[in-house]
Amino acid sequence: MQSVLQIILRTPDTRPVLVIACMVFASLAEAAGVTTLLPILTLAGEGGNMPDSVATRSITGTLQAAGISPSLGNLIVLMLALLIIKATLAFWATSYTGITAARVAMSLRRQLVEVAIDAKWAFYAGQSAGRFANAVSNDSGRAADAYLFSAEVVSLCLQAAGYAAVALFIDWRLAMA
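None of the values given here were measured: they were computed from a predicted structure.

J.: Which residues make up the overall build of the protein, and what values go with them?
T.: Assigned secondary structure in the protein consists of 7 helices and 0 strands. For the protein, the α and β elements follow one another from N to C terminus as α-α-α-α-α-α-α. Across the 177 residues of the protein, 29% fall into the buried class. Taking the intrachain contacts of the protein between residues at least 6 apart in sequence as the baseline, contacts between residues at least 24 apart amount to 72%. With an accessible surface of roughly 10,900 Å², the protein has 68% of that area assigned to carbon and sulfur atoms.

Structural data, given as structure tokens:
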């Protein structure tokens, strides 16, 4: 995992902290949205009687502190709003990561061409014809893919951590089983 983070953090001309922050907030919004599902299901299934769980108390307490009654409609609106926030943040982070991966590939190709122009031509006489072309096309593309896939791994790890936190928040004994 450390090498995955190093790819994201050490890639030049990127905003890794902003991308990771977006991913963290997207995971938090998704975790809160999924947690809101528990009171929704209990309200819909039990006709308005909410069980006394930590998740239910936290959500209803937060809504009441904001002056909103914890009704079924309000809980559904809250869940949808949180999931829309998650989708928006995840879309932005994914889009930015894709654009950055393209920039990484372009930058590497530019650097390879600059180095090739500055190299002594005697060097190329001893090389196969496709070696330079392969480096320009495939290797820079693979480096960009490494950046893109590293961001995806970080995003999925944050989602897994969010789901684990939700499971612990709802019932830690069941989550540990």
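J.: Tell me about the nonpolar core, residues and numbers included.
T.: Grouped together as the largest cluster of nonpolar side chains are 10 residues: V4, I8, V19, I20, C22, M23, A93, Y96, A151 and V154. When residues of this core are traced back to their parent elements, those giving at least two are α1 (2-10), α2 (16-46), α4 (72-118) and α6 (129-170). At 4 residues, α2 tops the list of elements feeding residues into this core. Every residue in contact with A151, bar those within four places of it in the chain, is listed here: I8, M23 and T97. Counting residues in each nonpolar core, the second largest holds 6 residues, with I40, L43, L75 and M79 among its members.

J.: Help me get a handle on the pattern of salt bridges, residues and values and all.
T.: Applying the stated rule across the entire model yields 1 salt bridge. We note a salt bridge from D139 to R142, for which the minimum N-O separation is 3.9 Å. One end of the pair, D139, and the other, R142, are both in helix α6, 3 residues apart, so they sit about a helical turn from each other. Note on D139: relative accessible area 39%, which makes it partly exposed. Note on R142: relative accessible area 56%, which makes it exposed.

J.: With reference to specific residues and values, describe the side chain of S150.
T.: Along the polypeptide, S150 turns up in helix α6. Aside from chain neighbours lying at most four places away, what touches S150 is V4, I7 and I8.

J.: Residue-level account of the packing of aromatic side chains, with values.
T.: Here a ring pair, both rings aromatic, is described through the centre-centre distance and the interplanar angle of the planes. With the rule as written, the count across this model stands at 1 aromatic pair. Here W92 and Y96 contribute two aromatic rings whose centre-to-centre distance is 5.3 Å and whose plane-to-plane angle is 5°, an arrangement assigned as stacked. Of this pair, W92 and Y96 both sit in helix α4, 4 residues apart, which is roughly one turn of the helix. Taking relative accessible area as the criterion, W92 reaches 33% and is therefore assigned partly exposed. A relative accessible area of 8% places Y96 in the buried class.

Definitions and cut-offs
Residues numbered from 1 in each chain as written. Predicted model: local features only at pLDDT ≥ 70, side-chain atom pairs only at ≥ 80, totals over all residues. Heavy atoms only, no water. Helix = DSSP H or I, 4+ residues; strand = E, 2+ residues; numbered from the N terminus. Buried < 20%, exposed > 50% of the residue type's maximum accessible area, 1.4 Å probe, protein only. Contact = heavy atoms within 4.5 Å. Areas by Shrake-Rupley, 256 points an atom, 1.4 Å probe, with all protein chains shown as cover. Core = buried A, V, L, I, M, F, W, Y, C linked by side-chain atoms within 4.5 Å. Salt bridge = Lys/Arg side-chain N within 4 Å of Asp/Glu carboxyl O. Phe/Tyr/Trp six-rings, centres within 6.5 Å; stacked < 30°, edge-to-face > 60°.

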